[in-house]
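# Descriptive structure summary
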Amino acid sequence: MAEFVLHREQTLDAPLGRVFAFFSNAENLEGITPPFLRFRVVSARPIVMRVGTLIDYSLKLNGIPFRWRSEITVWEEGKGFVDEQRKGPYRYWIHEHTFASVAGGTLVTDRVRYAVPGGALVHGLFVRGQLERIFDYRAEATRRLIGVGGA
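Residues numbered from 1 in each chain as written. Predicted model: local features only at pLDDT ≥ 70, side-chain atom pairs only at ≥ 80, totals over all residues. Heavy atoms only, no water.

Across its full length, the protein carries two helices and seven strands. Ordering the α and β elements of the protein from the N terminus gives β-α-β-β-β-β-β-β-α. Here the protein has a C-alpha radius of gyration of 15 Å; the compact-globule value for 151 residues is 15 Å, and the two agree. For the C-alpha atoms alone, the extent of the protein along its principal axes is close to 40 × 30 × 25 Å. (Helix = DSSP H or I, 4+ residues; strand = E, 2+ residues; numbered from the N terminus. Rg over C-alpha atoms; globule rule 2.2 N^0.38 Å.)

Structure follows, in structure tokens:
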């Protein structure tokens, strides 16, 4: 099975504590996900983030409705966390979020390891470009919602 990696970095002009608090609130996912996905958090609230937390979502990919369940498998307060797909459209999806104080604010790093049904062909034709658009939107929406600049 072919594995793919998406790596993104973004520096936000905001303190680490503020940025980490934003990303560790699962409800903020709706605001940083493109509208075309019709992404909604469907888990009961409040969602307490820690190892073992399960979060359920609904979304549409290419017009097809999906349910997605992720589990928080790593939780390091103020440093980062990992969510892993337990149910969803990917063969697997492991999303590492890390945060670090840097000159000018906070460095946010996303590293996603994933595999898709259909392998490299489906990835090249559909998935890679779609994920790039989703994470481009996410970067811009994060800047807007946190209310700061960023690169």
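Note that side chains of opposite charge can pair when their charged atoms are close. Under the definition given, this model contains 12 salt bridges. Here the salt bridges share partners, and the residues they tie into one network are E3, E96, R111 and R113. (Salt bridge = Lys/Arg side-chain N within 4 Å of Asp/Glu carboxyl O.)

It is worth spelling out the packing of aromatic side chains at this point. Following the criterion strictly, the structure yields 14 aromatic pairs and no others. For the ring pair Y90 and Y114, a centre distance of 5.8 Å and an interplane angle of 80° mean the geometry is edge-to-face. Placement of Y90 in the loop between β5 (80–87) and β6 (92–102) and of Y114 in strand β7 (residues 105–115) is noted, with a sequence separation of 24 residues between them. Grouping residues by exposure puts Y90 and Y114 together as buried. Here the aromatic cluster, defined as three or more aromatic residues joined through ring pairs, consists of F20, F22, F23, W75, F81 and F99. (Phe/Tyr/Trp six-rings, centres within 6.5 Å; stacked < 30°, edge-to-face > 60°. Buried < 20%, exposed > 50% of the residue type's maximum accessible area, 1.4 Å probe, protein only.)

Take a nonpolar patch on the surface next. On the surface, L121, L125 and F126 cluster together to form a nonpolar patch covering roughly 360 Å² of accessible area. Structurally, the position occupied by L121 is in helix α2 (residues 119–146). (Patch = residues over 30% accessible without salt bridge, like charges linked within 9 Å, V, L, I, M, F, W, Y side chains within 5 Å. Areas by Shrake-Rupley, 256 points an atom, 1.4 Å probe, with all protein chains shown as cover.)

Assignment of secondary structure puts S24 in the loop between α1 (16–23) and β2 (40–41). Among the polar contacts made by the side chain of S24, one reaches the main-chain carbonyl oxygen of A21 at a distance of 3.3 Å. Sequence-distant contacts of S24, that is, excluding residues within four places in its chain, are made with M49, W75 and F81. (Polar contact = N/O pair within 3.5 Å; in protein donor to acceptor, adjacent residues only side chain to side chain. Contact = heavy atoms within 4.5 Å.)

Bridge analysis of strand β3 (residues 54–61) against strand β4 (residues 64–76) gives eight bridges, and the strand direction is antiparallel. Of the residues in β4, the one forming a bridge with L59 is F66. Counting the residues in the hairpin turn of β3 and β4 gives two residues, including N62, whose phi is positive at 50°. Judged from the seven bridges that link them, β4 and β5 form a sheet pairing that is antiparallel. Looking at β5, one finds that S70 is bridged to Q85. (Pairing = 2+ DSSP bridges.)

Further remarks concern the sheet that holds β4. On the basis of which strands lie adjacent, the open sheet formed by seven strands has the order β1-β7-β6-β5-β4-β3-β2 and antiparallel pairing. Each edge of the sheet is formed by a strand with only one pairing partner; in this case those strands are β1 (4–12) and β2. Relative to β6, α1 is tilted by about 160°, and along the sheet it contacts β1, β4, β5, β6 and β7. Together, β1, β3, β6 and β7 form the strand contacts of α2, whose direction differs from that of β1 by roughly 15°. (Axes fitted to C-alpha atoms, helices over the stretch in contact; angles between N-to-C directions.)

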